[in-house]
Structures are given as C-alpha cells and as structure tokens.
Amino acid sequence: MSGLVQRIQALALALGAPGIFLVAFLDSSILSLPEIADLLVIWMVTNNRSRFLLYVVSATIGSLLGCLVLYGIGKKGGASVVRRRFSSTSVERALAAFRRHGVMAVLIPSILPPPAPFKIFVLLAGVADISVARFSSAILVGRGARYTIEGLLALWYGERAMTFIRNNGTTVALIVVGVLVVGFVVYVRWTKPRPPGPDKLQ
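Residues numbered from 1 in each chain as written. Predicted model: local features only at pLDDT ≥ 70, side-chain atom pairs only at ≥ 80, totals over all residues. Heavy atoms only, no water.

*Asks:* Looking at this structure, how should I read the packing of aromatic side chains?
*Replies:* Working definition: an aromatic ring pair is given by the centre-to-centre distance plus the angle between the planes. Scanning all chains against the criterion turns up 1 aromatic pair. Here the aromatic rings of tyrosine 71 and phenylalanine 135 are separated by 4.6 Å at their centres, their planes lie at 25°, and the arrangement is stacked. Of this pair, tyrosine 71 sits in helix α4 (residues 52-77) while phenylalanine 135 sits in helix α9 (residues 132-157), and the two are 64 residues apart along the sequence. In this structure phenylalanine 135 comes out as buried when scored by relative accessible area, which is 0%. Lying over the aromatic face of phenylalanine 118, arginine 143 brings its terminal NZ or CZ to 4.2 Å of the ring centre. (Phe/Tyr/Trp six-rings, centres within 6.5 Å; stacked < 30°, edge-to-face > 60°. Helix = DSSP H or I, 4+ residues; strand = E, 2+ residues; numbered from the N terminus. Buried < 20%, exposed > 50% of the residue type's maximum accessible area, 1.4 Å probe, protein only. Lys NZ or Arg CZ within 6 Å of the ring centre and 35° of its normal.)

Pasting the structure below:
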C-alpha cells in the first residue's frame with residue numbers, strides 16, 4: 001500500500017492542480033491518503049504562490065466529489081455497510097450527532113486535521129438521508145476553509161506550515177469552527193422571518 005501511495009503522490013506532484021484534485025478525491029472516497037492532499041497544497045503554494053486559489057479550489061472540489069461517492073454508498077447501502085466497516089458504538093454516536101446537530105456533524109470533522117475521523121460522518125450523512133444540497137454545502141465550507149487556511153499558512157511560513165499545522169492544527173481548526181458556527185447562528189437569526197408588527201395587522 002505504501003508503494004501505491006508513493007506513486008500517487010509522485011503523479012500528483014507532476015500533474016500540479018489536477019494532481020491535488022485526484023488525491024483529494026481518492027482520499028475522500030475509496031482510499032486513505034492521510035495528510036497527502038494537505039502536504040500537496042502547502043508544497044505547491046509554497047513553490048507557486050500565484051496559483052494559491054487554483055490549488056485550494058482543486059483540493060476542495062476533489063474532496064467534495066470524493067465525499068459524494070461515500071455519501072452515495074451510505075445512502076444506497078444503508079446502515080449495514082457502515083456497521084461492517086465501523087464499530088457499532090461509533091455508528092450510534094455519529095447517528096446521535098446527526099440527530100442533534102444535522103450538517104454541523106459533517107462540517108466540523110471536515111475542517112479538523114488528521115487523525116480526526118471523517119469518513120464515518122460522510123457515510124452516515126447518506127444513511128441519515130441528509131439532503132445532497134445541505135451535505136455539499138457543508139463539505140464545501142469545511143474543506144474550503146481547511147485548504148484555504150493551509151494555503152495561507154504556506155504563503156506565510158512556506159514548507160514549515162505543515163509543522164505548524166501538526167503542532168497547532170486542532171486549535172486553529174476549532175477557532176475556525178467557532179467562527180463558522182457564530183456566523184451561521186447570526187445568519188439564521190438575521191434571515192428568520194419576523195412576525196408582522198401591529199401596524200401590518202390592521
């Protein structure tokens with residue numbers, strides 16, 4: 001498996017942005033390539049700063065499409081597929097998280113760096129029949145925020161950015177999650193229909 005991972009990484013480096021797309025897609029779907037997409041974003045932004053946005057978008061879209069594959073498997077295969085791959089305790093906890101928090105149960109893990117679990121939440125989003133639009137929005141926001149932060153750190157710190165992420169990644173991710181949650185709450189309250197005033201009832 002390590003030989004396959006090395007070949008995929010070498011191919012991705014040769015391809016540039018399409019390589020990041022490919023790795024992010026595979027890592028979010030059928031393979032496990034921990035940190036490789038993150039490393040590629042950092043390395044490529046460090047070496048070609050003008051393509052920062054291209055690399056971030058490629059990683060984000062690749063991850064979204066890979067997640068949609070797993071989401072589809074969860075939706076078609078149902079809980080039986082998930083329970084064969086993960087422990088029943090983990091499955092029950094994840095389903096409980098979906099019942100309480102909805103798409104936030106996908107958005108938060110999508111931002112957290114490895115080794116935080118992620119794929120089980122993607123599969124269970126399909127099992128829980130979360131709408132494709134809401135699921136896709138959560139992945140785009142979460143993965144987009146993650147890769148954008150990594151790209152910015154690459155602009156600021158160069159190849160040392162990965163060391164920074166390993167030492168502080170969880171803290172940074174939780175801060176971003178907090179900002180997103182606050183923003184979401186403000187948005188919901190701002191757009192919530194207000195009851196008509198007394199003058200409109202007349």
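What follows picks up the thread again.
*Asks:* Sorry if this is basic, but what is going on with the pattern of salt bridges here?
*Replies:* Side chains bearing opposite charge may pair, as long as their charged atoms lie close to each other. The final tally for this structure, using the stated rule, is 3 salt bridges. A salt bridge links lysine 75 to aspartate 129, with the shortest nitrogen-to-oxygen separation between them at 3.2 Å. Of this pair, lysine 75 sits in helix α4 while aspartate 129 sits in the loop between α8 (119-127) and α9, and the two are 54 residues apart along the sequence. Taken together, the shared-partner salt bridges in this structure form one network comprising Asp38, Arg146 and Glu150. (Salt bridge = Lys/Arg side-chain N within 4 Å of Asp/Glu carboxyl O.)

*Asks:* Please explain helix α2 (residues 17-28) as it appears in this structure.
*Replies:* Note that an α-helix has 3.6 residues per turn; residues three or four places apart therefore point the same way. Given a rise of 1.5 Å per residue, 12 residues ought to cover 16 Å, and the 17 Å separating the end C-alpha atoms of α2 matches this to within 8%. Of the positions making up α2, those classed as buried are Ala17, Gly19, Ile20, Val23, Ala24, Leu26, Asp27 and Ser28. (Expected span 1.5 Å × (residues − 1).)

*Asks:* Which parts of the structure should I look at to understand the nonpolar core?
*Replies:* Most often, soluble globular proteins keep nonpolar side chains buried together rather than apart. In this structure, Phe98, Val106, Val122, Leu124, Ala125, Phe135 and Ile139 are the most contacted members of the largest nonpolar core, which totals 28 residues. Those elements that place two or more of their residues in this core are α4, α6 (88-101), α7 (104-111), α8 and α9. The dominant element in this core, judged by the number of residues it contributes, is α8, at 6 residues. Sequence-distant contacts of phenylalanine 98, defined by excluding residues within four places in its chain, comprise Ala105, Val106, Phe121, Leu124, Ala125, Ala128 and Ile130. Counting residues in each nonpolar core, the second largest holds 27 residues, with Val5, Ile8, Ala24 and Tyr147 among its members. (Core = buried A, V, L, I, M, F, W, Y, C linked by side-chain atoms within 4.5 Å. Contact = heavy atoms within 4.5 Å.)

*Asks:* What should I look at first to understand the packing of α4 against α9 in this one?
*Replies:* Between two packed helices, what matters for the description is the angle formed by their axes and the separation of those axes. Running from N to C, α4 and α9 cross one another at 145°; their axes reach a closest spacing of 8 Å. Viewed along their axes, α4 and α9 form a crossing whose handedness is right-handed. Of α9, the residues touching α4 (which contributes Phe52, Val56, Ala59, Thr60, Ile61, Ser63, Leu64, Cys67, Leu68 and Tyr71) are Val132, Phe135, Ser136, Ile139, Leu140, Arg143, Gly144, Tyr147, Thr148, Gly151, Leu152 and Leu155. Grouping the amino acids of the contact of α4 with α9 by side-chain chemistry returns 15 nonpolar, 6 polar and 1 charged. (Axes fitted to C-alpha atoms, helices over the stretch in contact; angles between N-to-C directions. Left-handed = near helix turned anticlockwise from the far one by under 90°. Nonpolar A, V, L, I, M, F, W, Y, C, P; charged D, E, K, R; others polar.)

*Asks:* Sorry if this is basic, but what is going on with the environment of methionine 162 here?
*Replies:* Here methionine 162 is to be found in helix α10 (residues 161-191). Residues methionine 162 and glutamate 150 lie 12 residues apart in sequence; the distance between their C-alpha atoms is 8.1 Å. Setting aside residues up to four positions removed in sequence, methionine 162 forms contacts with Glu35, Asp38, Leu39 and Ile42.

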